[in-house]
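# Descriptive structure summary
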Amino acid sequence: MEIISSYNLIIEFSVIIILSFLFNGLSKKTNIPAVLMLIALGVILQYVLQYLTSVTIDFFPILEVLGIVGLIMIVLEAALELELKREKLVPILKSLAIALIGLGLSTWAAASILYYFIPDMSMQSAWLYATPLSILSSAIIIPSVAGLRGKKREFHIYESTFSDILGIMLFYFLTGKLNPAEDSGLVGFGGNFLLTITISLIASYAIILVFQKIKSNVKLFLMIAVLLLLYALGKKMHLSSLIIILIFGLVIANMKLFFKGRKLSRLLDYDKAHQIYHELHTITGETAFVVRTLFFVIFGLTIAITSLFNTQVALISSMLILSIYGIRIVLLLIFEGKDIIPQAFIAPRGLITVLLFYAIPEEAEVAGFEPGILLFVIIGTSLIMTFAMIYEKRRSAKAVDVANNRAVGSVKWKVPSVLENEEK
């Protein structure tokens with residue numbers, strides 16, 4: 001049977017997008033991440049393909065491109081929602097500290113576990129394998145926390161975005177260590193970081209000022225193409241390209257802050273620029289939805305589900321998950337106090353984990369590492385988040401009921417009192 005034909009591909013793509021939309025609705029009702037449903041759909045399609053055809057398809061190039069574009073769209077989507085105000089400074093810095101310390105400690109713990117339990121695993125390779133497993137998935141977190149109250153939702157958006165960026169920077173810093181000729185050390189890495197920020201700010205101002213003057217209605221995908229180009233060129237120049245995307249999103253979302261002063265404010269046509277921001281926000285969310293859908297379905301198509309039933313995979317994965325939540329609970333108790341539910345259990349791994357895992361250089365690859373560990377951790381952390389969100393939903397509903405009952409009781413108490421006073 002012919003699977004890959006023009007009309008069949010259109011049908012398959014359309015059905016997957018429709019199912020993903022339905023999964024999102026189901027996710028809001030059940031708190032089960034839509035990502036898990038998409039991976040499950042991919043696994044089912046994997047067995048359907050095996051039944052219908054004997055031809056093997058290499059999905060990796062598609063997966064890699066989708067992962068990169070998805071990552072850019074997700075970070076841009078998150079950045080467009082971040083307001084930089086004086087009252088937001090403390091939550092932002094707190095989220096950054098938790099993301100940074102959590103990433104460092106989780107990577108160290110995961111590297112130690114992998115080094116001890118996997119044969120032929122050097123400590124350098126262990127750190128490379130551990131880094132993707134220690135990064136929070138903004139692709140899963142941001143859509144999942146939409147129902148949380150303001151401060152908790154903002155915390156997760158900030159933290160997951162910072163975790164993505166810091167994790168990618170750590171990963172490529174460690175890969176640079178594999179090649180001494182290209183390794184510039186911490187000083188060079190710091191210089192690279194400052195250069196990236198400088199280029200990001202210049203590019204952000206230039207894009208906004210140029211695009212506000214473009215009269216054509218067809219310009220948003222042109223802007224996205226420019227951002228993709230900057231990201232790819234930044235990678236070629238060994239810059240921290242994701243920072244370019246983050247800073248552009250922050251600048252266009254907070255134009256009044258970045259275009260202060262007479263000279264800069266005169267250059268900005270706020271109404272036109274704000275319209276671009278609003279339209280970009282919409283198209284970024286839509287694009288991120290499509291790319292995220294295709295990425296996780298194709299990931300499901302490529303994974304070996306049988307590896308989940310391997311005893312060693314289950315043992316190592318369970319220890320990794322315990323270390324993730326142990327470190328996270330301690331950090332949140334220190335920074336947030338006692339109110340750490342459901343934050344302590346919202347730490348899923350996802351798109352970045354898969355993307356960086358496939359980016360591990362050949363010289364650092366270890367044959368004894370089972371890819372099932374990756375899948376086990378992704379599914380395990382997502383399920384834990386699901387139970388935490390269900391618990392939080394029930395707790396919030398119960399609190400609302402108690403408050404309503406108290407309000408009703410208060411009214412009932414006041415009414416007889418008023419009547420008694422009238423009788424007197």
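Further up the page is the structure itself.
## Some thoughts on the overall build of the chain
For the chain, the count of helices and strands is 16 helices and zero strands. Taking 2.2 N^0.38 as the reference for a compact globule, 424 residues should give roughly 22 Å; the C-alpha atoms of the chain span a radius of gyration of 24 Å, in line with that estimate. Taking the intrachain contacts of the chain between residues at least 6 apart in sequence as the baseline, contacts between residues at least 24 apart amount to 81%. Accessible area for the chain stands at about 22100 Å²; split by element, carbon and sulfur atoms hold 67% of it.

## Focus: the layout of surface pockets
Approximately 1100 Å³ is the volume attributed to the largest pocket. The set of elements that each furnish at least two residues to the lining of the largest pocket consists of helix H1 (6-30), helix H2 (34-52), helix H6 (138-144), helix H7 (150-178), helix H13 (270-302) and helix H16 (372-423). Broken down by element, the residue count for the lining of the largest pocket peaks at seven residues, all from H13. Across the lining of the largest pocket, the residue classes tally to 16 nonpolar, 12 polar and 10 charged.

## Structural notes on empty space enclosed by the protein
One way to see where empty space is left: roll a probe the size of a water molecule over the atoms. Throughout the structure, instances matching the rule amount to four cavities of 30 Å³ or more. Here the largest cavity is characterised by a volume of approximately 150 Å³. The wall of the largest cavity is formed by 16 residues, among which Gly102, Leu103, Ser106, Leu136 and Arg328 lie closest to the centre. Counting residues per element, the ones that place at least two in the lining of the largest cavity are helix H4 (89-117), H7 and helix H14 (311-336). For the lining of the largest cavity, the per-class residue count stands at nine nonpolar, four polar and three charged.

## Some words on the pattern of salt bridges
A complete count under the given rule lists four salt bridges for this structure. In this structure, the salt-bridge partner of Glu159 is Arg328, at a minimum N-O distance of 2.7 Å. Residue Glu159 is found in helix H7, and its partner Arg328 is found in helix H14; the two are separated by 169 residues along the sequence. Look at Arg328 and you get buried, because its relative accessible area is 7%.

## Here's the deal with the packing of H1 against H2
Between H1 and H2, whose axes approach to 8 Å, the crossing angle comes to 140 degrees. Here H1 is positioned oblique relative to H2, judged by the angle of their axes. Along this stretch, H1 crosses H2, giving a crossing that reads as right-handed. From H1, Ile16, Leu19, Ser20, Phe23, Asn24, Leu26, Ser27 and Thr30 reach across to H2, where they touch Ala34, Met37, Leu38, Leu41 and Leu45. Residues of the contact of H1 with H2, tallied by class, amount to nine nonpolar, four polar and no charged.

## Some thoughts on the environment of Leu38
When you line up the elements, Leu38 lands in helix H2. Residue classification places Leu38 among the buried positions, given a relative accessible area of 4%.

## Remarks on unusual backbone geometry
Here Ile341 and Pro342 are connected by a cis peptide whose omega angle stands at 10 degrees. In this fold, Pro342 is placed in the loop between H14 and helix H15 (351-357). Of note in the backbone geometry, Asp120 takes a positive phi value of approximately 65 degrees without being a glycine.

## Details of the environment of Phe345
For Phe345, the location among the structural elements is in the loop between H14 and H15. A sequence separation of 215 residues divides Phe345 from Ala130, and the C-alpha atoms of the two residues are 19 Å apart. Those residues in contact with Phe345 that lie beyond four places of it in its chain are Tyr325, Ile329, Ile384, Met385 and Ala388.

## A look at the packing of aromatic side chains
A full pass over the atoms with the stated rule returns nine aromatic pairs. Judged by centre distance (6.2 Å) and plane angle (65 degrees), the ring pair of Tyr129 and Phe357 falls under edge-to-face. Here the residue Tyr129 occupies a position in helix H5 (residues 123-133), and Phe357 occupies one in helix H15, the gap between them amounting to 228 residues. Members of the aromatic cluster, connected to one another through ring pairs, are Tyr129, Phe357, Tyr358 and Phe369. One Lys or Arg, Lys235, reaches over the ring of Tyr172 and ends 3.8 Å from the middle of that ring. It is Lys256 that lies over the ring of Tyr270; its NZ or CZ is 4.9 Å from the centre.

## A few points about helix H9 (residues 220-236)
Across its 17 residues, H9 extends 24 Å between first and last C-alpha, which sits within 8% of the 24 Å expected from 1.5 Å per residue. Among the residues of H9, those classed as buried are Leu220, Met223, Ile224, Leu227, Tyr231 and Gly234. Across the axial projection of H9, the buried residues extend over an arc of 100 degrees, all falling on one side. H9 presents Phe221, Leu229 and Lys236 as exposed residues on the side facing more than 90 degrees away from its buried surface. Immediately downstream of H9, the backbone of His238 shows phi near 60 degrees, a positive value.

Rules behind the numbers
Residues numbered from 1 in each chain as written. Predicted model: local features only at pLDDT ≥ 70, side-chain atom pairs only at ≥ 80, totals over all residues. Heavy atoms only, no water. Helix = DSSP H or I, 4+ residues; strand = E, 2+ residues; numbered from the N terminus. Rg over C-alpha atoms; globule rule 2.2 N^0.38 Å. Contact = heavy atoms within 4.5 Å. Areas by Shrake-Rupley, 256 points an atom, 1.4 Å probe, with all protein chains shown as cover. 1 Å grid on protein atoms, 1.4 Å probe; cavity = no way out; pocket = protein on both sides within 12 Å on 5 of 7 lines; lining within 4 Å. Points joined across faces, edges and corners; volume = space filled by probe spheres on them. Nonpolar A, V, L, I, M, F, W, Y, C, P; charged D, E, K, R; others polar. Salt bridge = Lys/Arg side-chain N within 4 Å of Asp/Glu carboxyl O. Buried < 20%, exposed > 50% of the residue type's maximum accessible area, 1.4 Å probe, protein only. Axes fitted to C-alpha atoms, helices over the stretch in contact; angles between N-to-C directions. Parallel < 35°, antiparallel > 145°, perpendicular 65-115°, else oblique. Left-handed = near helix turned anticlockwise from the far one by under 90°. Phe/Tyr/Trp six-rings, centres within 6.5 Å; stacked < 30°, edge-to-face > 60°. Lys NZ or Arg CZ within 6 Å of the ring centre and 35° of its normal. Expected span 1.5 Å × (residues − 1). Arc of directions from axis to C-beta.

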